[in-house]
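Take a look at the letters that make up each chain.
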Amino acid sequence: MKLIHHLILSGLLCFSLAAGAQEIRIQPYTGLAVDYIILAGSYDGASFFTTDDETILVPKLKPNFGYGFLFGFKMGKGAVDFAYHISFMEYTSMEDGFSGKSTNHFVRYLSYKRHFNTPDVKRFIPYLDFDLSIAFNHFEKISYPLYQQSEILSANYGGVIFGLGFGSQLYLTDRLTLDLKILPELYIGTDIRAKGSERYEITKFSNFLLINSIGLNYYFN
């Protein structure tokens, strides 16, 4: 977690220094988005974890749509924003009866965008997007006490996410933009927790996360 804090502080510091050097105003903005999310890799549906008290199965998730909102600040050709996204994905596992629909929360601590044009030059503006997020994935039927498979429990998976993608904004008006983004990301699982139990750290649980997003952003004066 210290690495995450250092990355956040470094990103905000670089952004502040760049803005100060350019001596330009800060323009806040907010937005809504619809996402199509793919999460695969160690989420293979064929593995499991054993803790002191439970067996926690590893699910396999079916890609699905999600929704999100953001709030950020734009400075010249740079922007930083913070966002929350949620998606509901169907999943299966290696055991019969342990499947259902998951609730997946993605909290973006920091997203830094670098635009290649300004609205004064073109109304179509491509950009690079660096993303730092955390994830909370809840599965209703994915765990059971040791040697008691008949008792079905829920469990949560936690993770951190690093991404670098690209997008483009189309200015519909001076304040409203259509935002299209493709963001390939590395999802690293950090911990698991069955209902009523302690949290356990996990390792070697890496996944590929792909977020395809279309949204609308509104820029304030």
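Shown above is the structure to which this text applies.
Quick notes on the rules
- Residue numbers here run from 1 along each chain, matching the order of that chain's written sequence.
- Where totals are concerned, whole chains, interfaces and linings use all residues; where local detail is concerned, this predicted model gives features only for residues with pLDDT of at least 70, and gives and counts side-chain atom pairs only at 80 or more.
- The basis for the side-chain values is all heavy atoms of the structure; hydrogens and waters are excluded.
- Runs of H or I in DSSP of at least four residues are treated as helices and runs of E of at least two as strands, each being numbered from the N terminus.
- We call a residue buried when its accessible area falls under 20% of the maximum for its residue type, exposed when it is over 50%, and partly exposed in between, using a 1.4 Å probe and counting protein chains only.
- Whether two residues touch is decided by their heavy atoms; if any such pair falls within 4.5 Å, the residues are in contact.
- Throughout, the Shrake-Rupley method with a 1.4 Å probe supplies accessible areas, and for residues the shown protein chains are the sole cover considered.
- The aromatic pairing rule takes the rings of Phe, Tyr and Trp, using the six-membered ring of Trp, and pairs them if the centres are within 6.5 Å, calling planes under 30 degrees apart stacked, those over 60 edge-to-face and the rest tilted.
- A side-chain nitrogen of Lys or Arg and a carboxyl oxygen of Asp or Glu constitute a salt bridge if their distance falls within 4 Å.
- Side-chain atoms alone can form a polar contact between residues adjacent in sequence; in general such a contact is a pair of N or O atoms within 3.5 Å, and within protein one must be able to donate a hydrogen while the other accepts it.

### Details of the overall build of the chain
Each helix and strand in the chain was counted, giving 1 helix and 12 strands. Going residue by residue from the N terminus, the α and β elements of the chain occur as α-β-β-β-β-β-β-β-β-β-β-β-β. Sorting the 221 residues of the chain into buried and exposed places 46% on the buried side. Considering only residue pairs separated by 6 or more positions, the chain has 68% of its internal contacts joining residues 24 or more positions apart. In the structure as shown, the chain presents an accessible area of about 11,600 Å², 62% of it carried by carbon and sulfur atoms.

### A few points about the packing of aromatic side chains
Per the counting criterion, the structure on display carries 16 aromatic pairs. Ring centres 5.0 Å apart and planes at 65° place the aromatic pair Tyr36 and Phe65 in the edge-to-face group. Pair noted here: Tyr36 is in strand β1 (residues 27-41) and Phe65 is in strand β5 (residues 64-75), with a separation of 29 residues, a long-range link. Given a relative accessible area of 30%, Tyr36 falls into the partly exposed group. Centre to centre, the rings of Phe69 and Tyr84 are 6.0 Å apart; their planes meet at 55°, and the pair counts as tilted. With Phe69 in strand β5 and Tyr84 in strand β6 (residues 78-92), this residue pair connects regions lying 15 residues apart in the sequence.

### Section: the pattern of salt bridges
Tallying each qualifying case throughout the model produces 7 salt bridges. Across the pair Arg108 and Asp81 runs a salt bridge, and its minimum N-O distance is 3.1 Å. With Arg108 in strand β7 (residues 100-115) and Asp81 in strand β6, this pair connects stretches of sequence that are 27 residues apart. Comparing Arg108 with Asp81 shows no difference in burial state: the two are buried. Among the salt bridges present, the one from Arg199 reaches Asp191, with a minimum N-O distance of 2.8 Å.

### Observations concerning the side chain of Gln169
Its place among the elements puts Gln169 in strand β9 (residues 153-171). Residue classification places Gln169 among the buried residues on the basis of a relative accessible area of 2%. A polar contact is formed between the side chain of Gln169 and the side chain of His115, at a distance of 3.5 Å. Polar contacts involving the side chain of Gln169 include one to the side chain of Asp179, which spans 3.4 Å.

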